[in-house]
Amino acid sequence: MAGSLGSALALTCLAASAEPVLADCDGAFATPLHAAPATDARAYWLNRQLIKWPGADAGNGAFKLYYSANALLRAAPGARVTGADGALTLAHFDGGVPSDVAQRFKFVGDGVVLSVPDAARLMTQQVLLVQEKDDGTVRDVTSLQIAGALDDLYAGAAKVEDFGVSAGPRGAAFKLWAPTAQGVALCTYATGSSKAAAITPMRRDDATGIWSANLPGKLTGQYYQYLVDVPTPSAGLVRNLVTDPYSVSLTTDSKRSYIANLNAANLKPAGWDRTPVPRKVAAPTDMTVYELHVRDFSINDGTVSAANRGKYTAFTETGSNGMKHLAALSRAGITDVHLLPVYDIATVPETGCVSPDIAALPGLKPDGLEQQAQVTKVKFTDCYNWGYDPYHYNAPEGSYATDPADGARRIIEFRQMVQALHKAGLRVGMDVVYNHTFIAGQNEKSVLDRVVPGYYHRLNASGGIERSTCCDNTATENLMMAKLMIDSVEQWAVQYKIDSFRFDLMGHQPRAAMEALRASVERAAGRRIDLIGEGWNFGEVADSARFVQASQLSLNGSGIGTFSDRARDAVRGGGASDGGAQIIAQQGYINGLVYAPNALAPARPAEDLLQASDMVKVGLAGSLRDYTMRTWQDETKQLKAIVYGGNQPAGYASEPSEAVNYVENHDNQTLFDINAYKLPLATTGAERAQVQMLGAAINAFSQGVAYFHAGFDILRSKSLDRNSFESGDWFNRLDWTYQDNYYGTGLPREEDNGKDYALMKPLLANAAIKPAPADIAWSRDAFRDLLAIRSSSTLFRMRTSADVQRRLRFHNTGSKQVPTVIVAHLDGAGYAGANFKSITYLINVDQVAQRVTVDEEKNRRYQLHPVHLRAGAADQRVAREASYDAASGTFAVPARSAVVFVEKN
């Protein structure tokens, strides 16, 4: 190797190990240089000058900070410390901790605060904080959590805009933030599978903690990795061979990072720069979203060429059944297709994955176990996962590319997918998961934690990684993790023309980080980028324990949307985590609560139905805090004064753009499946389709963003699976020929569903529950009619809370209402895009037709909405049976129907 790496290492003052050689670039993903036992980390660097040790007694011995470049420190209670290169005796800090630091670490328990004279030179070493007895032996010892010091010392790194690789025709520049590393070298490879061609020392900038290298020549199309010598909390001093956290693409199974210039012409499909973004969303509330998994979209579509099934390129086949379906939805009113994770994921083999041919097995039963057994047998090697297991945030997933070995293909084909959807009039959204990584520590598929160990993840009081999100939680409250998230979203918006983003478990991120993200991304993209996410409040950050969260109750006023569970739970019945007989017994507003009890439903008081009706109205009003309505108890209240879930305000949003309305998404059972549990068994296939469309109508007519799961419109079933994230193609299929919804295709995976098999078996075996093709086709067309109605007037998509308060009125309210009928009036006078003087819609969830008289609606000039009167309208009952009597203000509506009356201007 060319000889300046020694000087680069010397910049850390205490180089611990021999410099790497070319063979290391083809070596193990991690090589121990000096092993050390794992230690807890109960103390915190608050900033570069202060340390806090919760629980430590300030008057019970001296405090010393021991350090070792070679990770040779050993310390045990009752013994003296060994292996130290030196030690600093720390003084007690008796002043006031700076307010911003105190706020950041407010969750840390009481304890001693200590002054540190020279933090910077300790960051690259093994460090132990020791409280010693008078005889110099250890009373207590701990390691330290480093984020506070790193963010203080290296804040300048957050201003750097070119992390990763910047490639041009004459050379390439590489930048990696690794402030705790003792040395970093760059390995380059001619291809994704060849041996290393060169190793290059990287230079450290002590002001930012950034390591950089510049290589001459044309390197685009080649590959690289980093060798990072770094102390770790779990293994001592380690040499990690690791990909770039800022990788823009990779080779097969993410083994090496790809050198590319995303602005290069050869990485753009024909016409990429000239293909416009659809302009059908003038305000966030115009968004009507269809949530879709890339593989689900085409893997089961025989009209897609075999090579493109399950791939990005399937979207380019405009004549396929799937693309015809999306085009029809676009014409009807869907504005955005939101793709489940399409960044690089860790759990799907990018070549050689297995797809069992379950259909070829003999003797399959609708309630059989063999289907799930076949799926489970290959779950670690199959081709399917939802993708909530981030590996590299900035690179497209390779399993969806036609050639994952070629780093260029996934870039080009991802862009081809976006381009095809844009040409179909559909904006493209991404489901992004910055709240956790697939894995951390010294595991092979850990990236961030092998570059800067102990920084990128949120730690508990003993230094272990928090896992409340199911995986290793990231710490977006830390400066450079927030920057990585912001830079990543910016890249997707600018380089891939992504129009909107759905943030998984967004409540685990700070509101401040999300607001900074929106400002930065919109500035870079030069257009509005719509942000929505899951604002659930739980885990170690619950109730803003560490920072003000980007959660339902903490985001009001931000303009960032969160999913509303208010109407969702009322519509479906019960809650997302229900199990056992409760799944059947807890009916909802559309599937029989009180008015059509199933066999297991307990006797429920009429008040339960009235309360559910009110909660549906909360959703229809956009879950707005200040919206006022008359409740079932004849009280006039703002929605924030109505209680939801026992202890939350029903109204939480300040503006309608902050509420995302849904009754089904990829999580939990589909609506068809939940209704299979809850509807009386005698419910016919046609009636089940009508109930599904009641859910669609409530969603379509609700103020805010409308969100639908792909296949909702064709009665999608997952054979009662409550969590199909690794249930394979079999349980996640879509049929764009509209012949089958895949109900009764076997018991779903035992891991998540086995405890309820006794309930599932008779339901899955009941052929009467499975819809006929005619039911599926009716549902498909009725859904499009509802989209067309929503699209026809901005009154269903009002812009501000003040608009909703002024123009939306609910009738048939209070204790004397007909509880199975929602009646709402929308005033269009002078409202841009209203297209009607007024609208009154009725949603009748009952099994029988209903008549409702509304004194305030007398002497109007109502007629049915033009969509209802079209020759091809799906629900012909409306034109035949629905009516309005002006003299009395009486509306008549068919059973299980949604009817819209309009007054023309």
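Residues numbered from 1 in each chain as written. Predicted model: local features only at pLDDT ≥ 70, side-chain atom pairs only at ≥ 80, totals over all residues. Heavy atoms only, no water.

Student: Even after reading the chapter, I still don't get the sheet that holds strand β40 (residues 883-885), so can you show me in this structure?
Tutor: Either a parallel or an antiparallel arrangement is found when strands of a sheet pair, and the pairing is made through backbone hydrogen bonds. Read from one edge of the open sheet, 3 strands run β38-β41-β40, paired in antiparallel fashion. Strand pairing shows two members of the sheet lacking a second neighbour, β38 (850-853) and β40, which therefore form its edges. Between one strand axis and the next, the sheet turns through 15° on average, direction left out of account. One ladder, built from 4 bridges, connects β38 with strand β41 (residues 890-893); its direction is antiparallel. Each residue of the ladder has a partner; that of Arg851, found in β41, is Ala892. (Pairing = 2+ DSSP bridges. Helix = DSSP H or I, 4+ residues; strand = E, 2+ residues; numbered from the N terminus. Axes fitted to C-alpha atoms, helices over the stretch in contact; angles between N-to-C directions.)

Student: What's the story with the state of the cysteines in this structure? I'm lost.
Tutor: A disulfide bridge is the covalent bond that connects two cysteines by way of their sulfur atoms. Inspection of every chain in the model, using the stated rule, returns 2 disulfides. At a sulfur-sulfur separation of 2.0 Å, the disulfide partner of Cys25 is Cys187. Judged by the sign of its S-S torsion, about -75°, the cystine formed by Cys25 and Cys187 is left-handed. Taken together, the residues Cys25 in the loop between α1 (5-10) and β1 (30-34) and Cys187 in strand β12 (residues 183-189) connect sequence positions 162 residues apart. Here Cys353 pairs with Cys383 through a disulfide, and the sulfurs are 2.0 Å apart. Taking the torsion about the S-S bond as the criterion, the Cys353 to Cys383 disulfide, at about 95°, is right-handed. Here Cys383 lies in the loop between α6 (370-377) and β22 (390-396) and Cys353 lies in the loop between β21 (343-345) and α6, a separation of 30 residues in the sequence. (Disulfide = S-S within 2.5 Å.)

Student: Is there a simple way to explain the sheet that holds strand β14 (residues 203-205) in this structure?
Tutor: The antiparallel open sheet is built from 4 strands, whose spatial order is β10-β11-β15-β14. Among the strands making up the open sheet, the edge pair consists of β10 (164-168) and β14. Mean inter-strand twist for the sheet, computed between neighbouring axes without regard to direction, equals 20°. Bridge count for β14 against strand β15 (residues 210-216) is 3 bridges, and the pairing is antiparallel.

Student: Whenever I open this one, the packing of aromatic side chains confuses me. Can you help?
Tutor: Here the distance between the centres and the angle between the planes together describe a pair of aromatic rings. By the definition in use, this model includes 39 aromatic pairs. Through a chain of ring-to-ring contacts, the aromatic side chains of Tyr312, Tyr400, Phe414, Trp492 and Tyr496 assemble into a single cluster. Sitting over the face of the ring of Tyr189, Arg256 holds its NZ or CZ atom 3.7 Å from the ring centroid. The ring of Phe107 has Arg546 sitting right over it, with the charged end atom 3.9 Å from the ring centre. (Phe/Tyr/Trp six-rings, centres within 6.5 Å; stacked < 30°, edge-to-face > 60°. Lys NZ or Arg CZ within 6 Å of the ring centre and 35° of its normal.)

Student: Sorry if this is basic, but what is going on with helix α7 (residues 407-423) here?
Tutor: Because an α-helix packs 3.6 residues into every turn, residues spaced three or four apart end up facing the same way. Helix length check: α7, at 17 residues, gives a terminal C-alpha distance of 25 Å against a target of 24 Å (1.5 Å per residue), a fit within 8%. Among the 17 residues that make up α7, 14 are buried, leaving the element largely enclosed by the rest of the structure. Of the residues that open α7, the one with a side-chain oxygen 3.0 Å from the backbone nitrogen of Ala408 is Asp406. (Expected span 1.5 Å × (residues − 1). Buried < 20%, exposed > 50% of the residue type's maximum accessible area, 1.4 Å probe, protein only. Polar contact = N/O pair within 3.5 Å; in protein donor to acceptor, adjacent residues only side chain to side chain.)

Student: I tried to follow the packing of helix α5 (residues 321-332) against helix α19 (residues 773-791) on my own but got confused; where do I start?
Tutor: Between two packed helices, what matters for the description is the angle formed by their axes and the separation of those axes. Contact geometry of α5 with α19 gives a least axis separation of 8 Å together with a crossing angle of 35°. Only Arg780, Phe783, Arg784, Leu787, Ala788 and Ser791 of α19 make contact with α5, whose side of the interface consists of His325, Ala328, Leu329 and Ala332. Tallied by class, the residues present in the contact of α5 with α19 amount to 6 nonpolar, 2 polar and 2 charged. (Contact = heavy atoms within 4.5 Å. Nonpolar A, V, L, I, M, F, W, Y, C, P; charged D, E, K, R; others polar.)

Student: Got a minute to help me understand helix α13 (residues 606-620) in this structure?
Tutor: Over its 15 residues, α13 extends 21 Å from the first C-alpha to the last, a length consistent with the 21 Å expected when each residue adds 1.5 Å. Where burial is concerned, most of α13 is hidden: 12 out of the 15 residues are buried. Among the residues of α13, those classed as buried are Asp608, Leu609, Leu610, Ala612, Ser613, Asp614, Met615, Val616, Lys617, Val618, Gly619 and Leu620. The first or second residue beyond α13 is Gly622, which carries a positive phi of 80°.

Student: How do you make sense of the pattern of salt bridges when you look at a structure like this?
Tutor: Note that side chains of opposite charge can pair when their charged atoms are close. If you walk through the whole model with that rule in mind, you get 55 salt bridges. A salt bridge links Arg716 to Asp296; the nearest nitrogen and oxygen atoms lie 3.0 Å apart. Highlighted residues: Arg716 in the loop between β34 (705-709) and α16 (728-732) and Asp296 in helix α4 (residues 294-298), separated in sequence by 420 residues. For the pair Arg716 and Asp296, a shared accessibility class is recorded, and that class is buried. In this structure, Arg410 engages Asp344 in a salt bridge whose closest nitrogen and oxygen atoms are separated by 4.0 Å. Here Arg410 is found in helix α7, whereas its partner Asp344 is found in strand β21, with 66 residues between them in sequence. Arg410 gets classed as buried once you look at its relative accessible area, which sits at 0%. Taking relative accessible area as the criterion, Asp344 reaches 0% and is therefore assigned buried. Overlapping salt bridges, with partners in common, bring together Lys379, Glu726, Arg749, Glu751 and Asp752 in one network. (Salt bridge = Lys/Arg side-chain N within 4 Å of Asp/Glu carboxyl O.)

Student: How should I be thinking about unusual backbone geometry in this particular structure?
Tutor: Note on backbone geometry: most residues besides glycine have negative phi, and most peptide bonds are trans. Not every positive phi belongs to a glycine, and Ser254 is a case in point at roughly 60°. Summarising the element assignment, Ser254 is placed in the loop between β17 (236-242) and β18 (257-258). Under the relative-accessibility criterion, Ser254 is labelled buried at 2%. Unusually for a residue other than glycine, Asp543 sits at a positive phi of about 60°. Examined against the element boundaries, Asp543 turns out to sit in the loop between β27 (530-533) and β28 (561-564). For Asp543, a relative accessible area of 65% puts it in the exposed group.

Student: I'm lost on the packing of helix α14 (residues 671-678) against helix α15 (residues 685-701) in this one. Help?
Tutor: One way to put it is that α14 packs onto α15 with a least axis distance of 10 Å and a crossing angle of 125°. One element, α14, and the other, α15, form an angle in the oblique class. Considering how the two elements wind past one another, α14 and α15 form a crossing that is right-handed. Within the contact between the two elements, α14 uses Leu671, Phe672, Asn675 and Ala676 and α15 uses Arg688, Val691, Gln692 and Gly695. Looking at the contact of α14 with α15 residue by residue, the class counts come to 4 nonpolar, 3 polar and 1 charged. (Parallel < 35°, antiparallel > 145°, perpendicular 65-115°, else oblique. Left-handed = near helix turned anticlockwise from the far one by under 90°.)

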